[in-house]
Amino acid sequence: MSWTRRMNPAGQVFVAEDRTGRNRAYGGYGSFQRRRRMNHRMSKVLPKVINIFNLFITYGDTFLATTSCYDDLYYELNREEKIFSEIQAMALRYTLMETNEFKEDAFKVTSSLINILSIVKHFQIKIKEWLIAESLSTPTEEQIMKQIQSNYDLTLKLQDSLDTFERYSEQPHHLFFSSLVKDAVLDTRRIVHNDLIKLCSRNRLKCMTQ
């Protein structure tokens, strides 16, 4: 089935048209609302989540059980490098928008990512240099951990306001978390529905070929 994308006459919803001429709509007000919720999460949730990482990076030696916990932390930061890079790319897109109510929040996100990305870049370089020196292509977890333990020679920026916090109040966040749970349920339902359709299609095709 081939699909083409065009704007409907009202100019409000993108539609997809298959060969039978049937239209399937997407976008519109529902998508706008989802984008609004995503923007809200970026402005409210992301800075707090990243600050948790920064708190462990900066003050972890005061409450982590052992020094090896730092090794595990830096290992996981490197392992999830793609996620942090995507967050930075998303935040940078918001900072480049001329009219965007979340622009200031996006700048805060990019600023709070400085240490995490510096850690990732530092150890990626060290690991790459070691692999070249050893003529290896794929390191093991133990080898990566050893490189992390041997290369703590990096300078990090002291993040502001890590030692201050807002007292948590459930009421202002009630609607946000209700919306978050609702979206998670709808996304899961959609994924399961699509998987069931694919499974039924495969079974139908299998029966036809037998």
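Residues numbered from 1 in each chain as written. Predicted model: local features only at pLDDT ≥ 70, side-chain atom pairs only at ≥ 80, totals over all residues. Heavy atoms only, no water.

### Quick word on the nonpolar core
This is how it is decided: Here, nonpolar core refers to any group of buried Ala, Val, Leu, Ile, Met, Phe, Trp, Tyr and Cys residues whose side-chain atoms link them within 4.5 Å. Buried means the residue's accessible area, taken with a 1.4 Å probe over protein chains only, is under 20% of the maximum for its type, while exposed means over 50%, and partly exposed covers the values in between. Numbering goes from the N terminus for both helices and strands, where a helix is a DSSP run of H or I of at least four residues and a strand is a run of E of at least two.
Counting 28 residues, the largest nonpolar core has Ile57, Tyr74, Leu77, Val109, Leu113 and Ile116 as its most contacted members. Secondary-structure elements contributing two or more residues to this core are α2 (46-59), α3 (68-79), α4 (81-96), α5 (103-112), α6 (114-134) and α7 (141-150).

### Here's the deal with the packing of aromatic side chains
The following threshold applies: Here a pair means two rings of Phe, Tyr or Trp (six-membered ring of Trp) with centres within 6.5 Å. Their orientation is stacked below 30 degrees between planes, edge-to-face above 60, and tilted elsewhere.
Counting across every chain of the model gives 6 aromatic pairs. Ring geometry for phenylalanine 53 and phenylalanine 84: centres 5.5 Å apart, planes at 90 degrees, overall edge-to-face. Of the two residues, phenylalanine 53 sits in helix α2 while phenylalanine 84 sits in helix α4, which places them 31 residues apart along the sequence. Since its relative accessible area comes to 28%, phenylalanine 53 is described here as partly exposed. A centroid spacing of 5.9 Å and a plane angle of 80 degrees characterise the contact between tyrosine 70 and tyrosine 74, whose relative ring orientation is edge-to-face. Of the two residues, tyrosine 70 and tyrosine 74 are both situated in helix α3; the distance of 4 residues between them amounts to about one turn of the helix. On the accessibility criterion, tyrosine 74 (4% relative accessible area) is buried.

### A look at the side chain of serine 112
Worth spelling out the cut-off: Should any heavy atoms of two residues lie within 4.5 Å, those residues are considered in contact.
The topology assignment puts serine 112 in helix α5. Here serine 112 falls in the buried class, since its relative accessible area comes to 5%. Excluding residues within four positions of it along the chain, serine 112 makes contact with Ile50, Asn51, Asn54 and Gln159.

### Here's the deal with a nonpolar patch on the surface
Put simply, the rule is: Patches draw on residues past 30% relative accessible area with no salt bridge. Two like charges within 9 Å are joined, as are two nonpolar side chains (Val, Leu, Ile, Met, Phe, Trp, Tyr) within 5 Å. Accessible areas in this description were obtained via Shrake-Rupley with a 1.4 Å probe; residue shielding takes into account the shown protein chains only. Note on definitions: salt bridges are taken to be side-chain nitrogens of Lys or Arg within 4 Å of carboxyl oxygens of Asp or Glu.
A cluster of nonpolar side chains, namely Ile52, Phe56 and Phe63, defines an oily patch on the protein surface of about 270 Å² accessible area. Here phenylalanine 63 lies in the loop between α2 and α3.

### Details of α2
Turn by turn, an α-helix covers 3.6 residues, leaving residues three or four places apart pointing in a common direction. What counts, and what does not: By definition here, a helix of n residues has an expected span of 1.5 Å times n minus one. This arc is taken over the directions from the axis of the helix to the C-beta atoms.
If you check α2, its first and last C-alpha atoms are 20 Å apart, about what 14 residues at 1.5 Å a residue would give, namely 20 Å. Of the residues making up α2, those classed as buried are Leu46, Pro47, Ile50, Asn54 and Ile57. With its buried residues spanning 80 degrees around the axis, α2 presents them on a single face.

### Description of the pattern of salt bridges
Under the defined criterion, the tally for this structure stands at 4 salt bridges. For lysine 126, the salt bridge identified is with aspartate 153, shortest N-O distance 3.9 Å. Of this pair, lysine 126 sits in helix α6 while aspartate 153 sits in the loop between α7 and α8 (170-209), and the two are 27 residues apart along the sequence. The exposure class assigned to aspartate 153 is exposed, which follows from its relative accessible area of 53%. The network of salt bridges with shared partners includes Glu76, Arg79 and Glu80.

### Describing unusual backbone geometry
Residues other than glycine seldom take positive phi values, yet serine 135 does so here, at roughly 55 degrees. With respect to the helices and strands, serine 135 occurs in the loop between α6 and α7. Judged by relative accessible area, which is 66%, serine 135 ranks as exposed.

### As for the confidence of the model for the chain
Spelled out, the test is: Values of pLDDT, ranging from 0 to 100, describe the predictor's confidence in every residue of the model.
The pLDDT averaged across the chain works out to 77; a share of 70% of its residues lies at or above 70. Contacts from residues 1-32, a stretch scored under 50 in pLDDT, to residues over four places away or in other chains number 40 contacts.

### So, the environment of tyrosine 94
Residue placement: tyrosine 94 occurs in helix α4. A relative accessible area of 9% means that tyrosine 94 is categorised as buried.

### Here's the deal with the environment of lysine 121
Along the chain, lysine 121 falls in helix α6. Spatially, the C-alpha atoms of lysine 121 and asparagine 78 are 8.4 Å apart, while their sequence positions differ by 43 residues.

### Looking at the side chain of asparagine 115
Within the element layout of this structure, asparagine 115 appears in helix α6. Assessed through its relative accessible area of 2%, asparagine 115 is described here as buried.

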